[in-house]
Amino acid sequence: MSEEPADPVEAADPEETAEFVETAEPLEAAEPSEIADFAGHRCGVVAIAGRPNVGKSTLLNKMLGAKIAIVTPKPQTTRDRILGILTRPEAQFLFQDTPGIHQPPKPLNRRMMAEADAALADADVVLVITDASKAAYCLKEDGLVLERVRAAGKPTVLAINKIDLLDKPALLPLMLAYGSAGFNTIVPISAVTGDGLEEMIAEVIKHLPEGPSLYPEDELSDRSLRFLATEIVREKLTLNTRKEIPYSTAVTIDTFTEPELPLAVLIEMTIHVERSSQKAIVIGKGGSMLKRIGTEARIDLENLMERKVMLKLFVRVDEEWASSDAALRRLLDE
Ligand SMILES: Nc1nc2c(ncn2[C@@H]2O[C@H](COP(=O)(O)OP(=O)(O)OP(=O)(O)O)[C@@H](O)[C@H]2O)c(=O)[nH]1
Ligand SMILES: [Mg+2]
């Protein structure tokens, strides 16, 4: 194992202040008398499940009108469960984004599948997503999804996503095929254009239990800013690198300090890779790749936090971390 920090992406004024953590807290349980006031109101957990890359995180962001989950064109982007909270007058939807369901070759993948299964077990309803542009030859792969969803025994709505990429006549045969695969409620949608989302939400709400909202109406996620910051760096890494790099990297926070305005928030993060050859790729010629990743991440973080951010990135080799249960716990369980 070697440890050799790369040059910081940007110089930062190392002002030391209290750590800033923001997490949505569920509201206190309501008294039975208060619940009566919510008669007709619904609230429940909707697990978004499906193969990798079908558009689960894109759909979550579109429904919330905010980017709380990272999106890339590569499969296996989402690694952890992320709760997205949609509050409407008639219901509060607790959408749980999950890692794509796939065959797990490594401990990291097994961990991702455990996250997906736990989300199914906790759900009131499962929203299964499939990719219309690939569905024809992926029906078999969706079998794995179906198997796990069936095992969870929850009400299910199927959304056939990416219909913006499909010729209209191709849709009906697809819906028939999924119908005979065991899905009773099927809604065609596009997470990019927003087509069909209201129809899909109308189907989902039917399965939510009656009850008051569990989160304040202005909360969008249960995840901390620290978590979102590491995810944003992972997104930029994935978008800028090829081949195995995205699957071999984890991002952790070293420092997260929020001084008084107008000083910038200081965030220092480490990108863990599995081999020194990968470290060279992530740093790039003369630090160019790390600088690009850092600049793109900083812009997103500044938009998210609505203030200046100083971002320093370091790269470290943690040999075969994705294959080691101990390293996974150390790096990914905050
Ligand atoms: N054209 C089109 N592209 C979409 C749509 N929804 C998602 N995508 C694209 O599909 C790719 C994967 O999207 P993600 O949201 O990351 O998929 P995911 O299911 O969360 O993937 P994992 O986290 O890897 O399981 C991205 O390039 C998206 O832009 C859609 O409705 N139409
Ligand atoms: Mg995702």
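Bear in mind the structure is a predicted one, so any value in this text is a computation, not a measurement. (Residues numbered from 1 in each chain as written. Chains lettered and ligands numbered in written order. Predicted model: local features only at pLDDT ≥ 70, side-chain atom pairs only at ≥ 80, totals over all residues. Heavy atoms only, no water.)

Student: Help me understand the overall build of the chain in this model?
Tutor: Tallying secondary structure elements over the chain gives 10 helices and nine strands in all. Here the chain holds 334 residues, and 52% of them are scored as buried. (Helix = DSSP H or I, 4+ residues; strand = E, 2+ residues; numbered from the N terminus. Buried < 20%, exposed > 50% of the residue type's maximum accessible area, 1.4 Å probe, protein only.)

Student: Mind showing me how you'd approach the site of ligand 1 here?
Tutor: Near ligand 1 lie 23 residues; those nearest to it are Lys-56, Thr-58, Gln-76, Thr-77 and Asp-164. One nitrogen or oxygen atom from the main chain of Asn-53 is found 2.9 Å from an oxygen atom belonging to ligand 1. Ala-191 is positioned with one of its backbone polar atoms (N or O) 2.9 Å from an oxygen atom of ligand 1. Considered on its own, ligand 1 offers 660 Å² of accessible surface; in the complex 88% of this is hidden by protein. Considering every element that reaches the shell around ligand 1, the biggest residue donor is helix 2 (residues 56-64), with three residues. Here the shell around ligand 1 is composed, by residue class, of eight nonpolar, 11 polar and four charged. (Near = heavy atom within 4 Å. Polar contact = N/O pair within 3.5 Å; in protein donor to acceptor, adjacent residues only side chain to side chain. Areas by Shrake-Rupley, 256 points an atom, 1.4 Å probe, with all protein chains shown as cover. Nonpolar A, V, L, I, M, F, W, Y, C, P; charged D, E, K, R; others polar.)

Student: Sorry, what's going on with the coordination of the magnesium ion (ligand 2) here?
Tutor: Ideal geometry at a metal centre gives angles of 109.5 degrees when four donors are arranged tetrahedrally and 90 or 180 degrees when six donors are arranged octahedrally. Within the protein, Ser-57 (OG) and Thr-78 (OG1) serve as the donor atoms for the magnesium ion (ligand 2), at 2.0 to 2.2 Å. With Ser-57 in helix 2 and Thr-78 in the loop between helix 2 and strand 2 (82-88), this pair connects stretches of sequence that are 21 residues apart. In terms of burial, Ser-57 and Thr-78 fall into one category: buried. (Donors = N, O, S within 2.8 Å, 3.2 Å for Na, K, Ca; no water.)

Student: What am I meant to see in the pairing of strand 8 (residues 265-273) here?
Tutor: One face of the sheet, then the other: side chains in a regular strand alternate in exactly this way. For strand 8, the buried fraction is high: nine of the nine residues fall into the buried class. Covered by surrounding structure in strand 8 are Val-265, Ile-267, Met-269, Ile-271 and Val-273 together with Leu-266, Glu-268, Thr-270 and His-272, the residues of both alternating faces. Pairing between strand 7 (residues 250-257) and strand 8: seven bridges, direction antiparallel. Opposite Val-251, over in strand 8, you have Ile-271 as the bridge partner. Note that strand 8 and strand 9 (residues 309-317) share nine bridges and pair parallel. Residue Val-273 lies in a different strand from strand 9, and its bridge partner there is Val-317. (Pairing = 2+ DSSP bridges.)

Student: I would appreciate a short explanation of the pattern of salt bridges in the present structure.
Tutor: Between side chains of opposite charge, a pair can form when the charged atoms approach closely. The final tally for this structure, using the stated rule, is 21 salt bridges. Taking the shortest distance from any N to any O, the salt bridge between Lys-206 and Glu-203 comes out at 3.1 Å. On the basis of relative accessible area, Glu-203 is assigned to the partly exposed category, the value being 22%. Put simply, Lys-67, Glu-235, Lys-236 and Asp-300 are held in one network by salt bridges that share partners. (Salt bridge = Lys/Arg side-chain N within 4 Å of Asp/Glu carboxyl O.)

Student: Would you explain the sheet that holds strand 7 in this entry?
Tutor: Either a parallel or an antiparallel arrangement is found when strands of a sheet pair, and the pairing is made through backbone hydrogen bonds. One open sheet holds the three strands; their spatial order is 7-8-9, and the pairing between them is mixed. Two strands lie at the open edges of the sheet, namely strand 7 and strand 9, each paired on one side alone. Strand-to-strand, the axes of this sheet are offset by a mean angle of 20 degrees, without reference to chain direction. Each of strand 7, strand 8 and strand 9 touches helix 9 (residues 288-305); the most contacted strand, strand 9, lies at about 135 degrees to it. (Axes fitted to C-alpha atoms, helices over the stretch in contact; angles between N-to-C directions. Contact = heavy atoms within 4.5 Å.)

Student: Is there a simple way to think about the pairing of strand 3 (residues 91-97) in this case?
Tutor: For strand 3, the tally of buried residues reaches seven of seven residues, placing the bulk of the element in the interior. Residues Ala-91, Phe-93, Phe-95 and Asp-97 of strand 3 are buried on one face, and the alternating residues Gln-92, Leu-94 and Gln-96, pointing to the opposite face, are buried as well. With seven bridges joining them, strand 2 and strand 3 adopt antiparallel strand pairing. Following the sheet pairing, Thr-87 is matched in strand 3 by Gln-92. A loop of two residues connects strand 2 with strand 3, the two strands running antiparallel in sequence.

Student: Help me out: how do you make sense of the packing of helix 2 against helix 6 (residues 197-205) in this one?
Tutor: Packed helix pairs are specified by the crossing angle of their axes together with the interaxial distance, meaning the distance between the axes. Contact geometry for helix 2 and helix 6: axes closest at 12 Å, N-to-C directions at 95 degrees. As far as their axial angle goes, helix 6 and helix 2 are roughly perpendicular. Contacts from Leu-59, Lys-62 and Met-63 of helix 2 reach helix 6 at Leu-197, Met-200 and Ile-201. For the contact of helix 2 with helix 6, the per-class residue count stands at five nonpolar, no polar and one charged. (Parallel < 35°, antiparallel > 145°, perpendicular 65-115°, else oblique.)

Student: How should the packing of aromatic side chains be read in this particular structure?
Tutor: Each aromatic ring pair is summarised here by two numbers: the centre-to-centre distance and the angle between the ring planes. According to the stated counting rule, one finds two aromatic pairs in the structure shown. When the ring of Phe-93 is compared with that of Phe-95, the centres are 5.6 Å apart and the planes differ by 5 degrees; the resulting orientation is stacked. Since its relative accessible area comes to 0%, Phe-93 is described here as buried. Since its relative accessible area comes to 0%, Phe-95 is described here as buried. When the ring centre of Phe-227 is taken as origin, the NZ or CZ atom of Arg-223, which lies over that ring, is 4.0 Å away. (Phe/Tyr/Trp six-rings, centres within 6.5 Å; stacked < 30°, edge-to-face > 60°. Lys NZ or Arg CZ within 6 Å of the ring centre and 35° of its normal.)

Student: What is the right way to read the confidence of the model for the chain from this model?
Tutor: Note: predicted coordinates in regions of low pLDDT should not be interpreted at a detailed level. In the predicted model, the chain carries a mean pLDDT of 87, and 87% of its residues have values of at least 70. No element of the chain has a lower mean pLDDT than helix 1 (residues 32-37), which averages 54, and none a higher one than helix 6, which averages 98. Taken together, the stretch residues 1-23 has pLDDT below 50 and engages in 60 contacts with residues farther than four places along the chain or on a different chain. (pLDDT = per-residue confidence, 0-100.)

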